[in-house]
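# Inside the fold
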Amino acid sequence: MPNVFDKKHFDISGTATAVEYSSPPQNIGQGHAPRIRQEHGRMLQAQLQTTFQAVTEDRQAVALPAGQPPCDGAYYEVELRRGTKPDALERKRQHITVGATKVNPETSSTSSVVYIPDAAIPALDEIFSEYAREEKRIGYVEPIEAIRKAQLLSFWTDDESALPEAGHEQLWWEVWCDKDAAEEVSAALRKINCRIAEAEFWLSFPEAIVIPVFARRVDIELALIVTAGITELRRGTDTPNFFIEDERDNQHAWADDLAERIVWPDENVPRVCLLDKGVNRAHSLIEPALSANDLMSVDQGWPVTDDLPNAHGTPMAGLALHGDLFPKLAGNQLYKLAHRLESVRILPPNGFAPHEPSRYSTITLDAISTAEIQNPEATRTFCMAVTNKNRSGEHTSSWSASVDRAAAACLEGDEEDAPKRLFCISGGNIPNIIQADQLGTLEEYPIEDPAQAWNAITVGGYTDKDQIDKDDKFFEGYEPLVQAGDISPFSRTSVAWSSGKTPIKPEVVFEAGNRAISESGALLSDCPSLEPLTTGADVIGMSVVNFCATSAATAQASRMAAQLQADHGDLWPETIRALMVHSADWTDPMRRRFQHDKSRRAHKQLVRMFGYGVPSYERATASAKNSLAIVAQNAIQPYKSKKNSTAAFNECHYYPLPWPKEILEQYHDQEFSLKLTLSYFVEPNPGRMSMIDPQRYQSAGLRFDLKRSLETNIQFKKRINAMEREDPRKGGEAAVRDSGEWLLGPQSRSAGSLHCDIWCGTGAQLAARDMICVKPVSGWWKNRRAPEICEQKMRYALVVTLTAPNAEIDLYTPISNLIQQETSVLI
């Protein structure tokens, strides 16, 4: 069974124990000739038994993926006389179903894929026998020409030339399946290590679900042996170019049709506030979610609408509201929007002088103020895809620090209890290089200012776009530059930044589009069919456009943040950020870049290239029975004042983890994973020393520590907290050896204001790792004597996800039983 994320996360905020803390010293036939029934019936009996033996041997010859139950039947290809309706083969009593059907252009005969359970074979054999004895069953049996084993080609309803010949060639497939079997099919494909598109990209029709799957031919062939429910296969060859070029005259009809299928939001919902070039509100896919009063500008003399022909804000708006329009335009489902838009123009219109870089910080703050004055009670995510071109963000700047101040609610005029602010910022784009030999390495393209902001979610790009429109003659002979699932050719990284001193950026990656490379390998080109679709500012001429790069990725990240805010109105911005990052995972191509190097160094490069991966809205908003999230929101006072001295450490928080130890010990030799994310916002202090000492930049820092498997609770507390020792000035006992394995480790995850790591170990090891400590480290508040500064509290969000090795292990129910008296479930 697949992971079904339909359960609420647990809230353990109330279980924290605050204790005094000090850092340790070491820190049928129409006119056909009549059948000769005896011969025909016996022939079908023989074919059925021969094919049954062959498919049985196939199943016995393959190793089932871990956790995959044996299939109770197999696919057969049944050839029918010309003019026969394939559904005549279905027999509900025996659960015999019909799938892909094709007509031979030469003979006009029909062949259908038929799924036959093993238990139905004797019944079919008897039907054929009765037919041969001329007793009955004429209508069912006579149209059947032949029975044979179904091959992959039997399911293929696209042009045969589009079917890959090589078994290991990867591509996007459309896997069509019965509605009732979609989850089982997707679960089996995941166990074969295929990549399954997010559920919002699945298409639903009255009798089928279409699942986009990125896989090899051999993977799909294996799926046809080990699972039931697949009815048809096609190549995922449709591209956004269909809606841009082939359907240019019908764009408005497509957009208007989609607009009519949307349940639009009211005013009192979270919003994405775009800090960009303005938005053309006249678009049918934008107007119901963007009030005229919510079109603003930092300069009253500027128009609030987007520029033509260089529009940017309107395409951002479409992605921030709807995500990639491609699957939605192609579908027919109703869907509900639970968030709105705001727009504050921060870039000058055509004909006005560009901003000086030194003004970016004040312009950004003016834009924030403008939005909040207009809608003071609104919950919002600020979305900004403007960067200081070609300026590396390795060191903090006034712009990035201004973003950090705004996020932490430390701006002039912010009251003590002012709400924190959530930002999604683009990491910047690689230059649009045409000559392939001029393209540098990733180290040469660092994240741009102000995306180094500690408190912001910095967004990079990956791509799943790998299909070039075969009818686009301009790109004849071209290939996608990168494979699906890899880093987008537009995206920058922090691979070259100082590890341990600079935050991991980007934290997450979203779809940013791909580029095309010529057959000779010499030329690079932007390609419309390799980019997401969104709303165009020219609503009369081009209402649907392609749009790419990290601007597109940032808009989609903001959309997810607003969706989570709509789902969980009681969560802080720190927690929304934590859940987005925590839900992310790396694709197989991302992992394969480092598959031959399992060192910590390789893992550091992985996160500095892709952040923590591609977020999953499904995982961020809910838990599953075998993969559950525990969330805590709390405030800690890191320091306390001391007479005639700078401040000292004050407290740490202990959280007992409600592990079902008996269940974990049943799986003592199987590997579980535990993911921890700690998120908080710092008040920045961007002085000169902050460039070489991050503790001089942060107001305070926090870290998490997990009890080790062989430690007692007392040993754990003594190891991390000197105040738990008989003499806090002396070192503790020799540390107990750690068990399992951290992906990054304490040093690599320590920079910035978000810390995320994954521990993997056996069920037996995990059962004993049942306590977490959240503790302070030094920051500039600690260097102040005034209590009103050093004794401030800092909010934080802690997210812990426990994942079992297979979907059948129910961890949610026993954990719920353990903590229902002490904790609550998030609403």
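Coordinates for the structure precede this section.
This text gives an overview of the structure that appears in the document.

How each quantity is defined
- Residues numbered from 1 in each chain as written.
- Predicted model: local features only at pLDDT ≥ 70, side-chain atom pairs only at ≥ 80, totals over all residues.
- Heavy atoms only, no water.
- Buried < 20%, exposed > 50% of the residue type's maximum accessible area, 1.4 Å probe, protein only.
- Helix = DSSP H or I, 4+ residues; strand = E, 2+ residues; numbered from the N terminus.
- Pairing = 2+ DSSP bridges.
- 1 Å grid on protein atoms, 1.4 Å probe; cavity = no way out; pocket = protein on both sides within 12 Å on 5 of 7 lines; lining within 4 Å.
- Points joined across faces, edges and corners; volume = space filled by probe spheres on them.
- Contact = heavy atoms within 4.5 Å.
- Phe/Tyr/Trp six-rings, centres within 6.5 Å; stacked < 30°, edge-to-face > 60°.
- Lys NZ or Arg CZ within 6 Å of the ring centre and 35° of its normal.

### Digging into the pairing of strand β3 (residues 73–80)
Most of β3 sits out of view: seven of its eight residues are buried. Where β3 and strand β5 (residues 110–117) come together, eight bridges link them in antiparallel fashion. Bridge pairing in β5 places Gly73 opposite Pro117. Two strands pair when backbone bridges link them, and β3 and strand β6 (residues 144–149) are joined in this way by five bridges, in the antiparallel orientation. Considered in β6, the bridge of Glu79 is made with Ala146.

### Things to note about empty space enclosed by the protein
One number sums up the size of the largest cavity: a volume of about 90 Å³. Lining the largest cavity are Leu48, Val78, Leu89, Ile96, Val114, Ile116, Leu124, Phe128, Tyr140, Ile144 and Ile147. Taken together, the elements giving at least two residues each to the lining of the largest cavity come down to β5, α2 (121–132) and β6. Roughly 60 Å³ of internal volume is contained in the second largest cavity. The wall of the second largest cavity is formed by Trp454, Pro503, Ile504, Glu507, Arg577, Tyr612, Ala751, Gly752, Ser753 and Leu754.

### What to know about the sheet that holds strand β23 (residues 524–526)
Taken together, the three strands give an open sheet; going across it, the order is β20-β22-β23, and neighbouring strands pair in antiparallel fashion. With partners counted over all chains shown, the strands left at the sheet margins are β20 (479–480) and β23, one partner each. Pairing between strand β22 (residues 515–517) and β23: three bridges, direction antiparallel. Each bridged residue has a counterpart across the sheet, and for Arg515 the counterpart in β23 is Asp526.

### Quick look at helix α6 (residues 217–226)
Residues of α6 that are buried: Arg217, Asp219, Ile220, Ala223, Leu224 and Val226. Looking at the buried side of α6, the elements it contacts are β3, α4 (152–155), β7 (170–178), α5 (182–191), β10 (208–216) and β11 (230–235).

### Observations regarding the packing of aromatic side chains
Applying the stated criterion across every chain, the model contains 17 aromatic pairs. Between the aromatic rings of Tyr21 and Phe649, the centroid separation amounts to 5.7 Å while the plane-to-plane angle is 75°, which identifies the pairing as edge-to-face. An identical accessibility class is assigned to Tyr21 and Phe649; each is buried. Linked through ring pairs, Tyr21, Tyr639 and Phe649 together constitute an aromatic cluster. Just above the ring of Trp742 sits the side chain of Arg749; from NZ or CZ to the centre is 4.7 Å. Residue placement shows Arg795 over the ring face of Trp572; its charged tip is 4.1 Å from the ring centre.

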